[in-house]
Structures are given as C-alpha cells and as structure tokens.
Amino acid sequence: AAAEGAVYFIFGATGDLARRKLFPALYSLYREGKLGDRFAIVGLARRPRTDEQFRDDVHESIREFCRYKPAEGGEWAAFAERFSYHPLDISNVDGMRQLSETTQELERRYEIPGNRLFYLALAPDLFGTVSRTLRDGGMLNSPGWHRLVIEKPFGYDYPSAERLNEEIRQVFREEEVFRIDHYLGKEMVQNIEMIRFANAFFEPLWNAGHIANVQITLAETVGVEERGAYYNKSGALRDMVQNHMLQMLTMIAMEPPSRLDPEDIRDEKVKVLRSIRTFSSPEEVRARVIRGQYAEGSSKGKPLPGYRQEESVPADSATETFFAARMFVDNFRWAGVPFYVRTGKRLPVKSTEIVVEFKNAPRNVLFARKQELQPNLLVIRVNPMEGIYIKINAKRPGNEMTIQPVVMEYCQSCLVGINTPEAYERLIFDAGRGDSTYFTRWDELAAAWQLVDPIAAAWRNNESELHFYPAGTWGPEQADALLREDGFRWWPVN
Ligand code: BG6
C-alpha cells in the first residue's frame, strides 16, 4: 500500500545524509509507487538555492546513490517538479510562517490532505528549536497528521537525551516522534523476528539451556574519515553501541511479543534493555569492557594513519574506536549466557554478523573420544552480505567415522533479481504510514543511555585502560582474552 498523501520536509537538505540516503530512498519509493500521487518534498537549509539547482542536486544524488537510475525526460520532470527548495533559518518564526503558506499552496496543488512529515537531518541540538518554530510558525495547524523523524545521536548521555526529549515533547506527542536507528531498517535485522518466531527448530532452543553464547560483531574498514570532529566527542560507545549494537541485541534476546504490533514489540525490547546487567562499578567496566583505539597500521600493503593522526582529532585523544564487551541479560531465558558485542573502525573487513553458538552435544560413545565436536552455529549475516547459515556436524565421506562441520546456507544477497530496499527507504516508508515498529521509543533510548553512561564515566575518569591496535587488525588482544576467559573464541566474520 502506498503511504497516504503527505508533504515531506527535509531539514538539512544540502547535507550528506540527504544526498547519500534520503533523496535516493524517496526516489526508490516513488519508482515503486509507494509515495502515491499526492506528495511533495520540500528541501530546507540555510544556504540560498533555486528550485532548479536543488533539483539538479537531487538528480545527481540519485544517479550516484540510488538503486534505480533517474528516469529520462518527461518522467524525470514529473518527479522533479514535486521537489522544491526553501531557504530557512530554523530559529526564525517568520520564515516558518512563509513556509506554512508555501506548503498550503503545495497541498492545494497536489491535493495533499495536510499530512506533514518533518525529517530533521540536523545536529540534535537544533531539534528543540525546530520543534518550537514549527509550532509557532503555524506549521502544525494543518488538518492531517504531523510526524517528526529525527536522527541520532539523540543526546550525549542520559541527562542530555532527557533534556532533548523534553524539548521535543513540548511540541510533539511520543506517537508523533520517529527516532531513526538505521540498523532497525536493515532487512536481516527485521528478519530476526521471522527466523526466531516462524521456525519450529529455533525458538525451542532459544535459551540458556541450549545456547552457549551470542556474538554480535559490527566491523568496519573505514576510519573516521572527515567526521573526526563529531566522532571524537562520540566514540564507538555512543556512535554504535548505545544504538545499533543494543538494538540488535534486543531483537535476539526479546521474548515473543503477544502481537506483532509496534507497541508490543517495543515493550519486549525495553524489558531486555532493563534486564541487561549494569556496569555498576569501575571494576565491572574493567572486567567486562575493552576499549581500543587504532594506531598506525596497514591494509593490503597500504599504510594507514593512526586515529590520533586523523583530521580534527587531538593528538592525545582518548576516544575509543573499538569496543568489546561481555554482557548478560539477567532474566530466566538468558541466565548466565554471555552476549559478546564488538565494534570498531579500521578492522580487516566491513561486516556485521550475529553468531548464536549452541551448546555442544554431550560427549558420547558414538564418537571416538579423540574427536573434538564443533558447536552448532546459527549465523545471521546483516551487512553487507545478507543471509543466514547454520553450521552442523556431519560425517566426512569415506570409510572413517570422522565428523566434519558443514554449512547450510541461505544467501539472500546472492539471489539474482533481489534488490533489497535500503534501510532508509523502509524507514521513511514506515514513518509515512505511521508504523513505528522499527523506530526507537523514548523508554528504549533512556534504558540504553542508562546502561552505557557508567561505562563512559569510568573511561572519563581513566579508570580503565585504553588499548591500541594497529589499523587493519581485529582490535586489541584483550578483546580475544574476554572470550578466552570463558572458554570461547570469536568466530571468524567474513
Ligand atoms: C552510523 C555511524 O550510525 O553507522 C557510522 O555513525 C557508521 O560511524 C555507520 O559508519 C555504519 O552503518 P552501516 O549501515 O554502513 O553498517
């Protein structure tokens, strides 16, 4: 079904996110008929630009980043005419009033029933101001719905996130706020529910009785690129763990919801977050969390700079570019099962994978004692390859009774003709139809901050060591030791 008619406002329309993700996503939705006929898109930013210039930018971005190539001639013109640009100082109420008038014209022209979606691709400290000027400039007086879509980082810690939330909530209701975590828009993250709840042979085993540990790896080969100024304040903990990593963990660990409704699912996710064992003292942080930073290294023979040599990064920065931790979900289902999470920049591969390691079959007389049984694994490949595989033990062909691990794989991204929508495409579509399942609710966010804040505090007070690792390697040795202490190891990620 197509989204109801709406005007989409992109704040920060001249920025990187709009160019790389949002315009291409809107175009894909358009090509698939998911925007319907009654829509308009308004780009907003400070700098002056004509509609024509803006449409050229949009064309360029779609050509470069969209899975559909821009149509030619009249077809393109029909899409492009829905785009307009409005220069705006977001703190200026008069500017908003003008915008409100232009919007009413657009709504008349395209018979849009007053639905308005505000996508803030802006620095979070502007969210409060925009919300207020939207209200004071009359932008929320139209007859339809109003939705605010916002990007991370949502706050810097729990108190700042709470302040930010209060500012927004003075204007918008919780149901109107859609907090993006683009990992929740990924095909395979959404697929976790199906794999778990639509199969007879996973859910009965999905507990501490049968699962030895869970490993969630989000590895990147890139460094901080030109984002040094942002990243240095954020670090892996805030950039990746507080949001993407914890979201994946909750999808794996949550109880089956009573219905597949947004609120039911999010209720279950909050329960997981609240069950995660806290890092209540610096000792806990030292024992269960490893922080690392990449030093000079190399990849495929090419030298790579260390983090401290990157642009806009202070030469004595203690910001972490690598994070690994042992976490526990202290509830009946997961008692005692370690969840290992790790993420880092400048690792050897770009790959996100979730490995569920099952407990070994009991040793038994069928197999010679000298044979080591490998555990069964379920591997969910999230990014960039999409699919799942399981590793099971089978007899090696031949006369010997030898066991070997074999892989059974479903490779979704290998299927010809499957061109899965990008995360942003799904999420914008969902926001357009008001489905908030894959957006972060405030209580989830609050619980996630409360969990990571003590880690940040221990680091800030230098109560735990910063380990260096050469760029292009799998992070500090201590991250391996974390699993070794428990008799496990990281399964290789492809
Ligand atoms: C973003 C982080 O949220 O996620 C980036 O800010 C990171 O630092 C990116 O590179 C990774 O996303 P993906 O989809 O490329 O795995």
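Criteria and thresholds
Residues numbered from 1 in each chain as written. Predicted model: local features only at pLDDT ≥ 70, side-chain atom pairs only at ≥ 80, totals over all residues. Heavy atoms only, no water. UniProt positions renumbered as here; feature names shortened; annotations may be inferred. Phe/Tyr/Trp six-rings, centres within 6.5 Å; stacked < 30°, edge-to-face > 60°. Buried < 20%, exposed > 50% of the residue type's maximum accessible area, 1.4 Å probe, protein only. Lys NZ or Arg CZ within 6 Å of the ring centre and 35° of its normal. Axes fitted to C-alpha atoms, helices over the stretch in contact; angles between N-to-C directions. Helix = DSSP H or I, 4+ residues; strand = E, 2+ residues; numbered from the N terminus. Parallel < 35°, antiparallel > 145°, perpendicular 65-115°, else oblique. Contact = heavy atoms within 4.5 Å. Nonpolar A, V, L, I, M, F, W, Y, C, P; charged D, E, K, R; others polar. Pairing = 2+ DSSP bridges. Near = heavy atom within 4 Å. Polar contact = N/O pair within 3.5 Å; in protein donor to acceptor, adjacent residues only side chain to side chain. Areas by Shrake-Rupley, 256 points an atom, 1.4 Å probe, with all protein chains shown as cover. Patch = residues over 30% accessible without salt bridge, like charges linked within 9 Å, V, L, I, M, F, W, Y side chains within 5 Å. Salt bridge = Lys/Arg side-chain N within 4 Å of Asp/Glu carboxyl O. Core = buried A, V, L, I, M, F, W, Y, C linked by side-chain atoms within 4.5 Å.

An unreviewed UniProt entry lists the protein under the name Glucose-6-phosphate 1-dehydrogenase, with Cohnella lubricantis as the source organism. The UniProt entry for the protein carries the following comment under Catalytic activity (unreviewed entry): "D-glucose 6-phosphate + NADP(+) = 6-phospho-D-glucono-1,5-lactone + NADPH + H(+)". In the Function (unreviewed entry) part of its UniProt record, the protein is described as follows: "Catalyzes the oxidation of glucose 6-phosphate to 6-phosphogluconolactone."

Draft legend 1. Up close: the packing of aromatic side chains. Using the criterion set out here, one finds 27 aromatic pairs in the structure. With a centroid separation of 5.1 Å and 80° between ring planes, the pair formed by Trp334 and Phe339 is classed as edge-to-face. Using a relative accessible area of 0% as the deciding quantity, one classes Trp334 as buried. Under the relative-accessibility criterion, Phe339 is labelled buried at 0%. One Lys or Arg, Arg346, reaches over the ring of Tyr294 and ends 5.9 Å from the middle of that ring.

Draft legend 2. Up close: the packing of helix α6 (residues 158-169) against helix α12 (residues 442-460). Two elements in contact, α6 and α12, have axes whose closest approach is 9 Å; the angle formed by their N-to-C orientations is 160°. By the angle between their directions, the pair α6 and α12 is classed as roughly antiparallel. Contact residues: α6 offers Tyr158, Pro159, Ala161, Glu162 and Asn165, while α12 offers Trp442, Ala446, Trp449, Gln450 and Asp453. When the residues that make up the contact of α6 with α12 are grouped by side-chain class, the tally is 6 nonpolar, 2 polar and 2 charged.

Draft legend 3. How the structure looks around the sheet that holds strand β15 (residues 387-395). Pairing is mixed in the open sheet, where 9 strands are placed in the order β16-β15-β14-β13-β7-β12-β11-β8-β17. This sheet does not close on itself; its edge strands, each paired only once, are β16 (403-411) and β17 (466-470). Geometrically, the sheet is characterised by an average inter-axis angle of 20° between neighbouring strands, direction not taken into account. Against the sheet, helix α8 (residues 228-253) contacts β7 (211-219), β11 (322-328), β12 (338-344), β13 (351-358) and β14 (377-383), and its axis sits at roughly 145° relative to β12.

Draft legend 4. Region of the structure containing the site of the ligand. Contacts to the ligand come from Lys152, His182, Tyr183, Lys186, Glu220, Arg227, Asp239, Met240, His244, Lys345, Lys350 and Asn383. The side chain of Glu220 places a nitrogen or oxygen atom 2.5 Å from an oxygen atom of the ligand. Within the contact set of the ligand, an oxygen atom lies 2.6 Å away from a side-chain nitrogen or oxygen of Asp239. In the complex, 80% of the free accessible area of the ligand, which totals 400 Å², lies under the protein chains.

Draft legend 5. A look at the environment of Leu483. Along the polypeptide, Leu483 turns up in helix α13 (residues 477-484). The buried category is assigned to Leu483, whose relative accessible area is 0%. Distance from Leu483 to Leu148, taken between C-alpha atoms, is 42 Å for residues 335 residues apart in sequence. For Leu483, the contacting residues outside a window of four places in its chain are Gln215, Tyr340, Phe488, Arg489 and Trp490.

Draft legend 6. Quick look at unusual backbone geometry. The amide bond that connects Lys152 to the next residue, Pro153, takes the cis arrangement and shows omega of 5°. Within the secondary structure layout, Pro153 lies in the loop between β5 (146-150) and α6. For the peptide bond that leads from Asn383 to Pro384, omega is -5°, which places it in the cis range. Within the fold, Pro384 resides in the loop between β14 and β15. The backbone phi angle of Glu111 is positive, close to 50°, even though this residue is not glycine. According to the relative accessible area criterion, Glu111 is exposed, its value standing at 57%. Phi is positive for Ser312, which is not a glycine, with a value near 60°. Mapped onto the elements, Ser312 comes out in the loop between β10 (302-304) and β11.

Draft legend 7. Main features of a nonpolar patch on the surface. Side chains of Tyr410, Leu415 and Ile418 sit close together on the surface and give an oily, nonpolar patch of about 250 Å² of accessible area. Take Ile418: it is sitting in the loop between β16 and α11 (423-433). Look at Ile418 and you get partly exposed, because its relative accessible area is 40%.

Draft legend 8. Up close: the nonpolar core. Counting residues in hydrophobic clusters, the biggest one holds 146 residues, and the most contacted among them are Phe11 and Phe323. The residues contacting Phe323, other than those within four sequence positions of it, are Ala236, Leu237, Val241, Val289, Ile290, Val341, Arg342, Thr343, Ile455 and Trp459. Counting 5 residues, the second largest nonpolar core, distinct from the first, contains Val355, Val379, Tyr389 and Trp491.

Draft legend 9. Molecular detail of the pattern of salt bridges. Counted by the stated rule, this structure contains 44 salt bridges. The salt bridge involving Lys152 is made with Asp239; its shortest N-O contact spans 3.4 Å. In this pair, Lys152 sits in the loop between β5 and α6 while Asp239 sits in helix α8, placing the two residues 87 residues apart along the sequence. Residue classification places Lys152 among the partly exposed residues on the basis of a relative accessible area of 24%.

Draft legend 10. Seen up close, the environment of Thr221. Relative to the elements of secondary structure, Thr221 occurs in the loop between β7 and α8. C-alpha separation for the pair Thr221 and Arg346, spaced 125 residues apart in sequence, amounts to 4.3 Å. Among all residues touching Thr221, those that are not within four sequence positions of it are Arg346, Leu347, Pro348, Val349 and Lys350.

Draft legend 11. Spatial organisation of the sheet that holds strand β6 (residues 177-179). If you trace the 6 strands from one edge of the open sheet to the other, you get β3-β2-β1-β4-β5-β6, paired in parallel fashion. Edge positions in the sheet fall to β3 (83-87) and β6, since each has one partner strand and no second. On average, each strand axis in the sheet is inclined to that of its neighbour by 20°, with strand direction left out of account. Inspection of the sheet shows strand β4 (residues 116-120) paired to β5 by 5 bridges, in the parallel sense. Bridged to Tyr119 within β5 is Val149.

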